[in-house]
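Per-entry structural report
This is what each chain is made of:
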Amino acid sequence: MSTPPPKRPAAYWRLWAKVPRELGFLILTLPIAVVGFTVSVALLSAGAGTLVTFFIGAFLLIGALYVSRGFGILELVRLEWAGRPRIERPEWQDARARQGFWGWLRSVLGNGHYWLYLLHTLVINFAISLITWVITVVWVSVGLGSLSYGLWWRTLPTNRGEWYFADWLLGLFGASAQGAARDALEVVFTILLGLVVIALLPFVTRGLVLLHHAIARGVLGAFRSDALQREVTALSASRGAAVSAEGHSLRRLERDIHDGPQQRLVRLQMDLAAADRQLDTDPQKARVLMAEAMVQSREALEELRALSRGFAPPILLDRGLIAALESLTVRSPVPTRLVNELTVGVDLPQEIERNAYFVASELLTNVAKHASATDVELRVALRRVPEPDSTWLDVTVTDNGTGGAAVTDGHGLAGLDERARGLGGILSVSSPVGGPTRVSAHLPITY
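Residue positions within a chain follow its written sequence, with the count starting from 1. Where totals are concerned, whole chains, interfaces and linings use all residues; where local detail is concerned, this predicted model gives features only for residues with pLDDT of at least 70, and gives and counts side-chain atom pairs only at 80 or more. Remark: hydrogens and water are excluded; side-chain values derive from all non-hydrogen atoms of the structure.

**Concerning the pattern of salt bridges**
Quick reminder of the rule: Whenever a carboxyl oxygen of Asp or Glu lies within 4 Å of a side-chain nitrogen of Lys or Arg, that contact is scored as a salt bridge. Classification of residues uses two cut-offs on accessible area relative to the type maximum, computed with a 1.4 Å probe and protein chains only: under 20% is buried, over 50% is exposed, and between them is partly exposed.
Applying the stated criterion to the full structure yields 10 salt bridges. Between Glu80 and Arg86 there is a salt bridge, with its nearest N and O atoms 3.8 Å apart. Judged by relative accessible area, which is 29%, Glu80 ranks as partly exposed. Between Arg337 and Glu377 there is a salt bridge, with the nearest N and O atoms lying 3.7 Å from each other.

As structure tokens, then:
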């Protein structure tokens, strides 16, 4: 018999679960806002007063900007601690910051985020925090005071006036009470008021925290242009890596063809020319030369086939990635097992399959040449990333070799790293001295 799934708590009680954090956020809001306001005003005033000296005034003004930045980031961190979603941080530096002191100065003073954070610290957060802090303190005080009214009401002075909460409430219904009955009803009605106030506390704290979060998202969050700039930067880096990877592949292909098939074809041409000269005078020697030429042609053909496997072998085009990887593991000189974690029938883009095969082929070649390994695992899996809703193909090669592998310029792993970045992916390497070595290529899937 299957057990029923556990029931989720009601929405109201889920609100109560975050009340302690929200209360902590709201109670600390005003003291933090007062400190930020005081420090920022002092630095801003001193900077404005000494701006005529430039250096002193400019540094004090920049100090005010940095202080407001710190208090703004503190507000974002506190909102996350209170249970609110993370707000994307702004970009604080641009290309000007790398152009020396004056470039850094222009990048700070010309960055709108700094001035928005200063406005938030000096005006917005101070005013909003004062309002939300007063509401929070009054609401909690009224609720707890009303609930405990029955414990301390007798300590009130007897000449406190003629107004009673019970008289006002009963008057709404045209009723009245006197003496001990009125005192008893006063206690009961006040406690009921406290229960209502405390019952509404989760809605009050949630609403006030949401107000702070909405203001922070609008004032302290990143601009849309920041995300666009990051995307442009990432695309530029990917394009540069792709161009570099293709250049590296072409240079290696040129070197491999020059050192292999080209030399054999030159030897083949020489053998055929020599055989042609010997046909009439020494037919036996001519047949020997022609046999050697056949060997050279066969070996050149094998080398060309081996080179073509690095691009798109026929089995990859005909039967897909897994079949091609199985063929790759069979041909590997080091015992290799394939772990396939792809779901049956999954359809991958042809470009991703080709690059995944190339990466796996290069990694297994590196293991055979440099790792001194006796056991290799090739693992292929799809990984779903909820944020930002993307799917990645992970190709991982793990060996029990000597370790010490690293991404070094001019070596094989550097070329694979450029290829992965050119596709918008990542190459991760874990290879402590003594092994084991684990190299993973994470390639984003785009349909």
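Now, onward.
**Considering the pairing of strand 3 (residues 390-399)**
To be explicit about the condition: Secondary structure counts use DSSP, requiring at least four H or I residues in a row for a helix and at least two E residues in a row for a strand, with both numbered from the N terminus. Each pair of strands is called paired provided DSSP finds at least two bridges between the two strands.
Across the 10 residues of strand 3, 10 count as buried, placing the element largely inside the fold. Burial along strand 3 is two-sided: Ser390, Trp392, Asp394, Thr396 and Thr398 facing one way and Thr391, Leu393, Val395, Val397 and Asp399 facing the other are all buried. Where strand 2 (residues 376-385) and strand 3 come together, 10 bridges link them in antiparallel fashion. Bridge assignment links Leu382 to a residue of strand 3, and that residue is Leu393. Note: strand 3 against strand 5 (residues 437-445), 9 bridges, orientation antiparallel. Bridge assignment links Val397 to a residue of strand 5, and that residue is Val439.

**Concerning the sheet that holds strand 5**
Selection rule: In this analysis, axes come from line fits to C-alpha atoms, helices being fitted only over the stretch in contact, and the angle between any two N-to-C directions falls in the range 0 to 180 degrees. Here, two residues are considered to be in contact whenever any of their heavy atoms come within 4.5 Å of each other.
Strand order in the open sheet made by the 5 strands is 1-2-3-5-4, with mixed pairing throughout. Each of the sheet's edge strands pairs with one partner strand only, and the pair in question is strand 1 (336-340) and strand 4 (426-430). Direction aside, the axes of adjacent strands within the sheet are offset by 15° on average. With 5 bridges joining them, strand 1 and strand 2 adopt parallel strand pairing. Bridging from a neighbouring strand, Asn340 pairs with Val380 of strand 2. Of the strands in this sheet, strand 1, strand 2 and strand 3 touch helix 14 (residues 321-331), which is tilted by about 165° from strand 1. Sheet contacts for helix 15 (residues 350-371): strand 1, strand 2, strand 3 and strand 5; angle to strand 3, the most-contacted strand, approximately 15°.

**Description of the side chain of Thr136**
Mapping Thr136 onto the fold places it in helix 5 (residues 112-147). In contact with Thr136, other than residues within four places in its own chain, are Leu23, Leu26, Ile27 and Leu208.

**Some thoughts on the nonpolar core**
Note the threshold: The definition of a nonpolar core used throughout is a set of buried Ala, Val, Leu, Ile, Met, Phe, Trp, Tyr and Cys residues joined through side-chain atoms within 4.5 Å.
With 34 residues, the main nonpolar core has Leu321, Leu325 and Leu393 as its most contacted residues. Put simply, the parts of the chain that give this core at least two residues each are helix 14, helix 15, strand 2, strand 3, helix 16 (412-422) and strand 5. Tallying contributions element by element places helix 15 first for this core, with 10 residues. In this structure, Leu321 is in contact with Leu316, Leu348, Glu353, Ala356, Tyr357, Val380 and Leu393, ignoring residues within four places of it in sequence. Within the second largest apolar cluster, 15 residues are counted, among which are Leu79, Val209, Ile215 and Ala216.

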